[in-house]
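One letter stands for each residue in the lines below.
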Amino acid sequence: MMDSPIMKDGGKQDQENATKGLITSLDPCIIPSESERGSIVWNNDAYNFINEDCPADFANPSLWRQSQLCQKQGLFQVTEGIYQVRGLDLSNMTIVETPDQSGIIVIDPLTSVECAREALKLYEGQFSNREVKAMIYTHSHADHYGGARAITDAAKRDLPVYAPDGFLEHAVSENVYAGNAMGRRAVYMYGESLDKDPKGHIGCGLGMALSSGAPGLIAPTINVTESNSKVTVEGLEIVFQLTPGTEAPSEMNMYFPQYRALCMAENATHTLHNIQTLRGAVVRDARVWSKYLDESIVLYGGQAEVVFASHHWPIWGNEEIQTFLSAQRDTYAYLHNETVRLLNEGQTGLEIAEDFVLPPALAAAWSSRGYYGSVSHNVKAIYNRYMGWFDGNPAHLWEHPPTASAKRYVDCMGGIEKTIELAQRYTEEGDLRFAATLLSHAVFADQDNKPARSALQSVFRQLGFGAENATWRNFYLTGALELENPNRPSQIVIDTRTLIALDLEQMFDTVAIRVNGPKAWKESFTIAFMVSRMGREDSQQGWLLNLSNGAVTGHGVDYLPSSSGGFSALLTIWLTQRELAQLISGDRPDLAGLTTSGDAEIWTTLASLLTTPDPAFAIVTPEVLDL
């Protein structure tokens, strides 16, 4: 809960900075879908209740304050020549003008096309006759590239798109390969199914919410491969600082010398960030993160007069900037160093996290508060990076899965009724954590037991209402909701629009991870795909797909025209990149209309082996029930 000595000033400087430079707002701040009539993809006005006093029974006052700051929306001037649109998505869109004010560079076009289009219109309503000259992705997370098509549409020409080295590879691996599982857990992390009210969704700590509009991916045209490298776009000088392995596997900061402005991407924001997100992701390197923050201070800290990021609000003044960046640097360094020290003394991740506290000066910094990441789950992530899932105790080496384990625990405690009774006692004593453990066992042992579900639902709500961390709150409250209501589906990730942006290897990787392995054990065949990228004859590639022992593998081959009679495979298919994407996604049901050579039934066999992930798999119960 709120620590009064630390919070005594209420963060007045943050209050001023979050509203500084406001030019105009979107009124009403409601954005409709471009594809689904009557559907709303963004509604910032739904959070207007957050401007009232905090209802302490239902929300942590510190988190409430953070959400009040995040809810502020509109077009803001960062400094002369640099503007941000904030509060139209989880992330910010930044617009940097060329020195002659004839053009603009757009940084991070939000999550969805609809929101990106409205953000650009908000700027153009104040500053007309600026041509879009380039687009920049700071890193490989979807809320920083999903709306790209709105920017390329506005440019009405081929647009240079800058991204850090490895961007496309990591955007695909994190958002496509494991996309269904991450998407499902994102429903919990971002509270997507919660009502927007004081007892429900009050934000995400990093922003209010993710927009739900049409996402897309425009592939970069220019990969930034050297750190501290300089480019000039229409007279605007940009210095790139590559920061791989920090908040994203592929990320970069930027310095604009003409404006003395430093963009910290998502490496330094007004919250403790995640070393590993609760939705799932590759564990980030807190050690490297702190080192790149130190490098930012050394390279640009003495020059910058304003620092801004892809979330939250800017900081002005060189002394304030250096104080902020130094605290962020020291926070990630301390988390890493102290965790590693303690794991080397034999403590497990759970043991380290239980008593871990930041130094007083860091704990007193608002930007180190755990609104999005938390000290607790970050420490466990650092432990996991070095030591993995196993804590070394042989008793934990081969444990039963949740349902089997739960039935045994409940039996040892004397049955479901006795387990619920014990949980109630711990609840009354204030040990909600152990009450949740007992009740989770009860639900997994018998998910039809309404008293167990109701009791766990109540405990989850109490834990959520007290959480300072927004994602913890969202997880608890979504768990409570899904104990009462059927699971709600998340968005299917592998679709034609997404697949078109991938290279051939990545496209066929998405096929490989969908094959039902045991069902395919006895199958063995090869298919050659001759693909015209974007339908152009000057961009043609071949790919040989192998299936054997239930595993799909493959490699690139020379392209052969259809007149050649086909490749030395059982089946050869000639098609465009779009047709291939449609075939893989299922939008094209069969090979009708495509040129083939060989046994076309082989594709039918492969298609029959492909599974479609369940976007609503169970989390707080053993399986999905239609209640």
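Residues numbered from 1 in each chain as written. Predicted model: local features only at pLDDT ≥ 70, side-chain atom pairs only at ≥ 80, totals over all residues. Heavy atoms only, no water.

Peer 1: Honestly, the overall build of the chain in this entry has me stumped. Any pointers?
Peer 2: Along the chain, the regular secondary structure elements total 20 helices and 21 strands. What you see for the chain is a C-alpha radius of gyration of 26 Å, in line with the 25 Å of a compact globule of 627 residues. Counting only C-alpha atoms, the chain reaches 80 × 70 × 55 Å along its principal axes. Per-residue burial for the chain yields a buried fraction of 56% across its 627 residues. Put simply, of all contacts in the chain between residues at least 6 apart along the chain, 70% involve residues at least 24 apart. Summing over all exposed atoms, the chain offers an accessible surface of approximately 26500 Å²; the carbon and sulfur share of this is 49%. Put simply, the chain has 47 plus and 76 minus side-chain charges, and the middle of one group is 2 Å from the middle of the other. (Helix = DSSP H or I, 4+ residues; strand = E, 2+ residues; numbered from the N terminus. Rg over C-alpha atoms; globule rule 2.2 N^0.38 Å. Buried < 20%, exposed > 50% of the residue type's maximum accessible area, 1.4 Å probe, protein only. Contact = heavy atoms within 4.5 Å. Areas by Shrake-Rupley, 256 points an atom, 1.4 Å probe, with all protein chains shown as cover. Lys, Arg positive; Asp, Glu negative; His and termini not counted. Charge placed at Lys NZ, Arg CZ, Asp CG, Glu CD.)

Peer 1: Would you explain the packing of aromatic side chains in this entry?
Peer 2: Geometry of an aromatic ring pair is reported as the spacing of the ring centres plus the angle between the planes. Going through the model one piece at a time under the given rule, you end up with 20 aromatic pairs. Where Tyr188 meets Phe475, the ring centres are 5.4 Å apart and the plane angle is 50°; that geometry is what we call tilted. Of this pair, Tyr188 sits in helix H6 (residues 179-189) while Phe475 is found in helix H16 (residues 470-484), placing the two residues 287 residues apart along the sequence. A residue is classified by how much of its surface remains accessible, and Tyr188, at 1% relative accessible area, is buried. What makes Phe475 partly exposed here is its relative accessible area of 22%. Within the aromatic cluster, the residues linked to one another by ring pairs are Phe508, Phe529, Trp543 and Trp603. Its end group placed over the ring of Trp316, Lys20 keeps NZ or CZ at 4.2 Å from the ring centre. Above the face of the Trp366 ring, Arg65 is positioned so that its terminal group lies 3.4 Å from the ring centre. (Phe/Tyr/Trp six-rings, centres within 6.5 Å; stacked < 30°, edge-to-face > 60°. Lys NZ or Arg CZ within 6 Å of the ring centre and 35° of its normal.)

Peer 1: Please explain the sheet that holds strand E17 (residues 525-532) as it appears in this structure.
Peer 2: Spatial ordering of the open sheet is given by E19-E18-E17-E20-E21, a layout of five strands whose pairing is mixed. The open sheet has two edge strands, strand E19 (551-557) and strand E21 (595-598), and neither has a second partner. The mean inter-strand angle of the sheet, taken between neighbouring strand axes irrespective of direction, is 20°. Note that strand E18 (residues 540-548) and E19 share seven bridges and pair antiparallel. Counterpart to Trp543 in the pairing with E19 is Gly556. In the packing of helix H18 (residues 504-512) onto the sheet, contacts are made with E17, E18 and E19, and the angle to E18 comes to roughly 25°. Its contacts with the sheet put helix H19 (residues 577-585) on E17 and strand E20 (571-576), and the angle it makes with E20 is roughly 115°. (Pairing = 2+ DSSP bridges. Axes fitted to C-alpha atoms, helices over the stretch in contact; angles between N-to-C directions.)

Peer 1: Help me out: how do you make sense of the pattern of salt bridges in this one?
Peer 2: Between side chains of opposite charge, a pair can form when the charged atoms approach closely. Applying the stated rule across the entire model yields 21 salt bridges. Taking the shortest distance from any N to any O, the salt bridge between Lys133 and Glu131 comes out at 3.2 Å. The exposure class of Lys133 is buried, given its relative accessible area of 13%. Classification of Glu131 by relative accessible area gives partly exposed; the value is 37%. Note that Glu131 and Arg157 form a salt bridge whose closest N and O atoms lie 3.1 Å from each other. With a gap of 26 residues between them, Glu131 in strand E8 (residues 131-136) and Arg157 in the loop between helix H4 (148-155) and strand E9 (161-164) connect regions that are remote in the sequence. A relative accessible area of 36% places Arg157 in the partly exposed class. It is possible to trace a salt-bridge network through shared partners that takes in Glu34, Arg117, Arg149 and Asp153. (Salt bridge = Lys/Arg side-chain N within 4 Å of Asp/Glu carboxyl O.)

Peer 1: Whenever I open this one, the pairing of E17 confuses me. Can you help?
Peer 2: Regular strands show a simple pattern: their side chains alternate between the two faces of the sheet. For E17, the buried fraction is high: seven of the eight residues fall into the buried class. Pairing geometry for E17 and E18, over eight bridges, is antiparallel. Paired with Thr526 across the strands is Asn546, a residue of E18. Where E17 and E20 come together, six bridges link them in parallel fashion. Note that in E20 the partner of Met530 across the bridge is Trp574.

Peer 1: Is there a simple way to think about the sheet that holds E9 in this case?
Peer 2: The pairing of strands in a sheet happens through backbone hydrogen bonds and is either parallel or antiparallel. Judged by pairing direction, the sheet is mixed, and its eight strands sit side by side in the order E1-E4-E5-E6-E7-E8-E9-E10 without closing on themselves. Unpaired on one side and paired on the other, strand E1 (22-24) and strand E10 (222-224) mark the two borders of the sheet. Between one strand axis and the next, the sheet turns through 25° on average, direction left out of account. With respect to the sheet, H4 is in contact with strand E6 (93-97), strand E7 (103-107) and E8, its orientation differing from that of E8 by roughly 150°.

Peer 1: Hey, could you run me through the state of the cysteines in this one?
Peer 2: Structurally, a disulfide amounts to a covalent bond that connects the sulfur atoms of two cysteines. As enumerated under the stated definition, the model contains zero disulfides in all. Unpaired in terms of disulfides, Cys29 finds its nearest cysteine sulfur in Cys115, a separation of 8.3 Å. Under the relative-accessibility criterion, Cys29 is labelled buried at 0%. Cys263 carries a free sulfur, and the closest cysteine sulfur to it, the one in Cys70, is 17 Å from it. Since its relative accessible area comes to 1%, Cys263 is described here as buried. (Disulfide = S-S within 2.5 Å.)

Peer 1: Help me out: how do you make sense of helix H11 (residues 375-387) in this one?
Peer 2: Side chains three or four residues apart in an α-helix point the same way, a direct result of the helix having 3.6 residues per turn. The terminal C-alpha atoms of H11 lie 18 Å apart, and with 13 residues this matches the ideal 18 Å at 1.5 Å per residue to within 8%. Along H11, the residues that are buried comprise Val375, Ser376, His377, Asn378, Val379, Ala381, Ile382 and Tyr383. Of the surrounding secondary structure, the elements contacted by the buried residues of H11 are helix H7 (286-301), helix H8 (318-343), helix H9 (349-355) and H16. (Expected span 1.5 Å × (residues − 1).)

Peer 1: I would appreciate a short explanation of the environment of Glu237 in the present structure.
Peer 2: Relative to the helices and strands, Glu237 is located in strand E12 (residues 236-242). Those residues in contact with Glu237, other than ones at most four positions away along the chain, are Lys230, Val231, Thr232, Tyr255, Phe256, Pro257 and Gln258.

Peer 1: It is not clear to me how empty space enclosed by the protein should be interpreted in this structure. Could you clarify?
Peer 2: Empty space among the atoms becomes apparent when a probe as large as a water molecule is rolled across them. Within the structure shown, the criterion is met by three cavities of 30 Å³ or more. Surrounding the largest cavity, 15 residues form its lining, Cys70, Arg86, Gly87, Asn92 and His312 being those nearest its centre. Along the walls of the second largest cavity sit Ala268, Thr269, His270, Val307, Phe308, Ala309, His311, His312, Trp313, Pro314, Ile315 and Phe324, which together make up its complete lining. When the residues that make up the lining of the second largest cavity are grouped by side-chain class, the tally is eight nonpolar, four polar and no charged. (1 Å grid on protein atoms, 1.4 Å probe; cavity = no way out; pocket = protein on both sides within 12 Å on 5 of 7 lines; lining within 4 Å. Points joined across faces, edges and corners; volume = space filled by probe spheres on them. Nonpolar A, V, L, I, M, F, W, Y, C, P; charged D, E, K, R; others polar.)

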